[in-house]
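Fold and contact review
Spelled out, the chains give:
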Amino acid sequence: MNDIAHNLAQVQQRISAAAERCGRAPEEVSLLAVSKTKPASDIAQAIAAGQREFGENYVQEGTDKIALFREQGITGLTWHFIGPLQSNKSRLVAENFDWCHTIDRQKIAMRLSEQRPGELAPLNVLIQVNISDETSKSGIALAEVDALADLVSSLPGLRLRGLMAIPAPEQDYDKQFAVCQQMAVAFSALQRRYSGIDTLSLGMTDDMEAAIAAGSTMVRIGTAIFGARDYSARQGQ
Ligand SMILES: *Cc1c(COP(=O)(O)O)cnc(C)c1O
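Since the structure is predicted, the reported quantities are computational estimates derived from the model, not experimental observations.

So, about the UniProt feature "domain: Alanine racemase N-terminal" (unreviewed entry) in the chain. Within the UniProt annotation, "domain: Alanine racemase N-terminal" (unreviewed entry) is assigned to residues 7-229. For residues 7-229, the end-to-end C-alpha separation is 15 Å, with 43% helix and 18% strand making up the annotated structure.

As structure tokens, then:
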């Protein structure tokens, strides 16, 4: 087994163990492999090991990778855009990705809906909440979720699936859990207001256990699968 296949198996075990500890079925938590900055050859190894869902943070890099696998005739992959999205790059996301996790304003939602090609299924979207990281400009306050959800759910090119958050880095499990639980409460409230809400995108390499215990349905894992990232090649992009 190569490193990536081995790492994927270990992450799946962490997910299963975390789910079982709190009485959840492991299948309730899906694994999004975050491949930003990593070469397509790493993604190919993950595909060979059975992984199908991938997350990318940079529009051009992600679009290039999607095109590459499409040209190779590899189907059945699902691509999630999980990075901050500027309006002038929304078209590439609308035309190429299956999901966008980072809806944080009306304008971006309306553009994505307009730009989603009619022959494709609506773009699956999550509203990004800024749950704990006051220094981050990404995401909206919990109090603003209902208003944005009302708009998103009315747009024909989008399908509202739930919420996403990137909690501030925190080593203490209990503190991780407390923040994740706030997200879980907001997720339940959204489920009561709309049908089809099934995704709470929460948990990364360092906090996936707390996120799963709180109710995450999708963990986004990069480092534990592909190793540490080197951003130096990205300068200037
Ligand atoms: C990079 C990234 C991840 C993966 O983080 P790791 O700590 O490497 O698992 C998850 N979500 C988002 C939004 C990211 O940007």
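There is more to say after this.
This part takes up the nonpolar core. Grouped together as the largest cluster of nonpolar side chains are 65 residues, with contacts concentrated most on F54, C100, I103, L112, L163 and I225. Top contributing element to this core by residue count: helix 7 (residues 173-193), with seven residues. C100 has contacts with F81, L85, V93, L112, L123, N124, V125 and L126, leaving out every residue within four places of it along the chain.

Taken as a whole, this structure holds four aromatic pairs when the rule is applied. Ring pairs connect the aromatic residues F54, F69 and W79, which therefore count as one cluster.

Time to look at the pattern of salt bridges. Within the structure shown, the criterion is met by nine salt bridges. One salt bridge connects E56 with K65, and the closest N-O pair in it is separated by 2.9 Å. K65 carries the same exposure label as E56, and that label is buried. Between E61 and K65 there is a salt bridge, with its nearest N and O atoms 2.7 Å apart. Taken together, the positions of E61 and K65, both in helix 3 (residues 59-71) and four residues apart, correspond to about one turn of that helix.

What counts and how
- Residues numbered from 1 in each chain as written.
- Predicted model: local features only at pLDDT ≥ 70, side-chain atom pairs only at ≥ 80, totals over all residues.
- Heavy atoms only, no water.
- UniProt positions renumbered as here; feature names shortened; annotations may be inferred.
- Helix = DSSP H or I, 4+ residues; strand = E, 2+ residues; numbered from the N terminus.
- Core = buried A, V, L, I, M, F, W, Y, C linked by side-chain atoms within 4.5 Å.
- Buried < 20%, exposed > 50% of the residue type's maximum accessible area, 1.4 Å probe, protein only.
- Contact = heavy atoms within 4.5 Å.
- Phe/Tyr/Trp six-rings, centres within 6.5 Å; stacked < 30°, edge-to-face > 60°.
- Salt bridge = Lys/Arg side-chain N within 4 Å of Asp/Glu carboxyl O.

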